[in-house]
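# Commentary on secondary and tertiary structure
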Amino acid sequence: MPQTVPKKLAQAVSCALLMLAASAASADTISLNLGSASWLAIAPGPNQTGNGNINTAGLAWEGANVGWNSSTGYNDSAWVNYTGGWLPSNGSISPFYMRTEFSLGTPTSGSFTAWFDDDVQVWLNGTMVIDDHNGGTGGGPYSANLLPYLQAGGNVLAVKAHNTFGGGYGNISFGGSVNHNPLPVPEPASLALLGLGLAGLGYARRKTAA
């Protein structure tokens, strides 16, 4: 007569599967605020030429660094950690660049707000989501829904902000958050129970076959 799986063994397997499901269902929030995100920043040069929002050092830097605003793992080892309050001493550095990387399971929502005097552009994974680039004095804040551009795995959020010629930086405000369901990371107890259950099932099947 075929043998059945012992009741306690079946209960152990069920318990392990429930624990795994619970760990997979928990949501998480990643802050994109300057004080809590791993922002890196670079200012390519202190001098502007011409009028308005034109900066030759910045344009040259962008031309030589294609992919800074879209690639995870970009070589930004020379960038510095950004903690906020960066006001250039001569009031005319423009533009500067910032980026942060984060990894997601299944994205569920996300938003980001940027305000910079004078102009600001924001990219998520290479898609521009905020574009205040009129060379004026800025009229933000500007907000974006990030969900359509988020992806499972690595993401990069990049900011280009700049000031018009000769003025000082005024309003500077960046921040937001992303919600996602992380990839399940089973606890050791869950893995042990599941392993025990699978081993028992294999043993019971061999006994039945015999």
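The coordinates are above.
Residues numbered from 1 in each chain as written. Predicted model: local features only at pLDDT ≥ 70, side-chain atom pairs only at ≥ 80, totals over all residues. Heavy atoms only, no water.

## Overview of the sheet that holds strand S8 (residues 142-145)
Taken in spatial order, the 4 strands line up as S1-S10-S5-S8 in an open sheet, and their pairing is antiparallel. This sheet does not close on itself; its edge strands, each paired only once, are strand S1 (28-31) and S8. Within this sheet the neighbouring strands show an average axis-to-axis angle of 10 degrees, counted without direction. Sheet topology note: the strand S5 (residues 106-116)/strand S10 (residues 172-181) ladder contains 10 bridges and is antiparallel. The residue of S10 that forms the bridge with Ser-111 is Ser-177. (Pairing = 2+ DSSP bridges. Helix = DSSP H or I, 4+ residues; strand = E, 2+ residues; numbered from the N terminus. Axes fitted to C-alpha atoms, helices over the stretch in contact; angles between N-to-C directions.)

## Structural notes on the pattern of salt bridges
Counted under the stated rule, the structure contains 3 salt bridges. One salt bridge connects Asp-76 with Arg-99, and the closest N-O pair in it is separated by 3.1 Å. Taken together, the residues span a long stretch of sequence, with Asp-76 in the loop between helix H2 (56-64) and strand S3 (80-81) and Arg-99 in strand S4 (residues 96-104) at a distance of 23 residues. In this pair, the class of Asp-76 matches that of Arg-99, namely buried. (Salt bridge = Lys/Arg side-chain N within 4 Å of Asp/Glu carboxyl O. Buried < 20%, exposed > 50% of the residue type's maximum accessible area, 1.4 Å probe, protein only.)

## With respect to the sheet that holds strand S7 (residues 127-132)
An order of S3-S2-S4-S9-S6-S7 is seen for the 6 strands of this open sheet, with the pairing classed as antiparallel. At either margin of the open sheet sits one strand with a lone partner, and together these are S3 and S7. In the sheet, strand S6 (residues 119-124) pairs with S7 via 5 bridges, with the strands oriented antiparallel. In the sheet register, Gln-121 faces S7, and the bridge partner there is Asp-131.

## With respect to the environment of Phe-96
On the secondary structure map, Phe-96 appears in strand S4. Residues Phe-96 and Val-159, spaced 63 residues apart in sequence, show a C-alpha to C-alpha distance of 8.3 Å.

## What to know about the packing of aromatic side chains
All told, the structure shown has 8 aromatic pairs when counted by the stated rule. Judged by centre distance (5.9 Å) and plane angle (55 degrees), the ring pair of Trp-61 and Trp-79 falls under tilted. Of the two residues, Trp-61 is situated in helix H2 and Trp-79 in the loop between H2 and S3; the sequence distance between them amounts to 18 residues. On the accessibility criterion, Trp-61 (14% relative accessible area) is buried. Aromatic pair Trp-68 and Tyr-97: ring centres 4.9 Å apart, planes at 80 degrees, arrangement edge-to-face. Taken together, the positions of Trp-68 in the loop between H2 and S3 and Tyr-97 in strand S4 put the pair 29 residues apart, joining distant regions of the chain. Per residue, the accessibility class of Trp-68 equals that of Tyr-97, and both read buried. Put simply, the rings of Trp-61, Trp-68, Tyr-74, Trp-79, Tyr-97 and Trp-123 touch in pairs and so form one group of aromatic residues. (Phe/Tyr/Trp six-rings, centres within 6.5 Å; stacked < 30°, edge-to-face > 60°.)

## Regarding the nonpolar core
Counting 27 residues, the largest nonpolar core has Phe-112 and Phe-174 as its most contacted members. The element that contributes the greatest number of residues to this core is S4, accounting for 4 residues. Core analysis: the next-biggest nonpolar cluster, separate from the first, contains 9 residues, Trp-61, Trp-68, Tyr-97 and Trp-123 among them. (Core = buried A, V, L, I, M, F, W, Y, C linked by side-chain atoms within 4.5 Å.)

## Concerning the environment of Ser-38
When you line up the elements, Ser-38 lands in the loop between S1 and strand S2 (40-42). You can call Ser-38 exposed: its relative accessible area is 57%. With 45 residues separating them along the chain, Ser-38 and Thr-83 place their C-alpha atoms 9.1 Å apart. Other than its neighbours up to four places away in sequence, Ser-38 contacts Arg-99 and Thr-100. (Contact = heavy atoms within 4.5 Å.)

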